[in-house]
Amino acid sequence: MQELLALLMRHWNVIAHDLEHDTFHARLGEPGPDGVPGRVWARGYMRGIRLAVDGWRRILHDKRDEMYSWRAIPLVAGEVYPDWPKEPLTPEQTDELRQLMRTGAVLAYRYFAEDRLEHARAAAERSQPLERVRPKIGRNEPCSCGSGKKYKRCCGSVAGGETAD
């Protein structure tokens, strides 16, 4: 399981690096039977959004002109007009659509930059150093179990059964 998580994190870090440095190249795939390039990719992207839709509401309802390229992703996924496109796309339209989706993914990443920072700050504030419930017992002090033995010869030893604090 740890190996799988490590692979996923490495993959995410590569994607995040590419998004951050304008080198992101989504593998949108060839047009499917409907002739729309990236439909499977866009549907996967939108499924990911539905996993945390509350966090995405702001961008989903943002009508500013600069959000134009991002809107290509739900369009291609079939979530805006399910029967789009009515006619086959030209090679030029296909190229433009691919570029819009790539640009849209980068735009979404940047759109939430401040949210990611705020989330990281909040997580850092929540994490507190471990505080001991009881004071630490020195190895040469009497054991807290009341046996009269030194801690290192009683509960603090490997054979003693309990592990050291």
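Preceding this paragraph is the structure being described.
These lines cover the structure that appears in this document, whether it is placed above or below.

Concerning a nonpolar patch on the surface
1) Next: Where nonpolar side chains cluster on the molecular surface, the patch consists of Met1, Leu4, Leu5 and Leu8 and spans about 440 Å² of accessible area.
2) Next: Mapped onto the secondary structure, Leu4 falls in helix H1 (residues 2-20).
3) Next: Take Leu4: its relative accessible area is 47%, and that puts it in the partly exposed class.

Some thoughts on the packing of H1 against helix H5 (residues 91-111)
1) Next: Contact geometry for H1 and H5: axes closest at 9 Å, N-to-C directions at 95°. As summarised for this structure, H1 and H5 are arranged roughly perpendicular, according to the angle between their axes. Only Ala105, Val106, Tyr109 and Arg110 of H5 make contact with H1, whose side of the interface consists of Trp12, Ala16, Leu19 and Glu20.
2) Next: Of the residues contributing to the contact of H1 with H5, the split by class is six nonpolar, no polar and two charged.

A closer look at the pattern of salt bridges
Side chains that differ in sign of charge can pair as their charged atoms come close.
1) Next: A full pass over the atoms with the stated rule returns nine salt bridges.
2) Next: Across the pair Arg121 and Glu114 runs a salt bridge, and its minimum N-O distance is 3.6 Å.
3) Next: Judged by its relative accessible area of 45%, Arg121 is partly exposed.
4) Next: Through salt bridges with shared partners, a single network forms among Asp62, Arg64 and Glu66.

Thresholds, definitions, all that
Residues numbered from 1 in each chain as written. Predicted model: local features only at pLDDT ≥ 70, side-chain atom pairs only at ≥ 80, totals over all residues. Heavy atoms only, no water. Patch = residues over 30% accessible without salt bridge, like charges linked within 9 Å, V, L, I, M, F, W, Y side chains within 5 Å. Areas by Shrake-Rupley, 256 points an atom, 1.4 Å probe, with all protein chains shown as cover. Salt bridge = Lys/Arg side-chain N within 4 Å of Asp/Glu carboxyl O. Helix = DSSP H or I, 4+ residues; strand = E, 2+ residues; numbered from the N terminus. Buried < 20%, exposed > 50% of the residue type's maximum accessible area, 1.4 Å probe, protein only. Axes fitted to C-alpha atoms, helices over the stretch in contact; angles between N-to-C directions. Parallel < 35°, antiparallel > 145°, perpendicular 65-115°, else oblique. Contact = heavy atoms within 4.5 Å. Nonpolar A, V, L, I, M, F, W, Y, C, P; charged D, E, K, R; others polar.

Geometric values such as these leave the question of function open.
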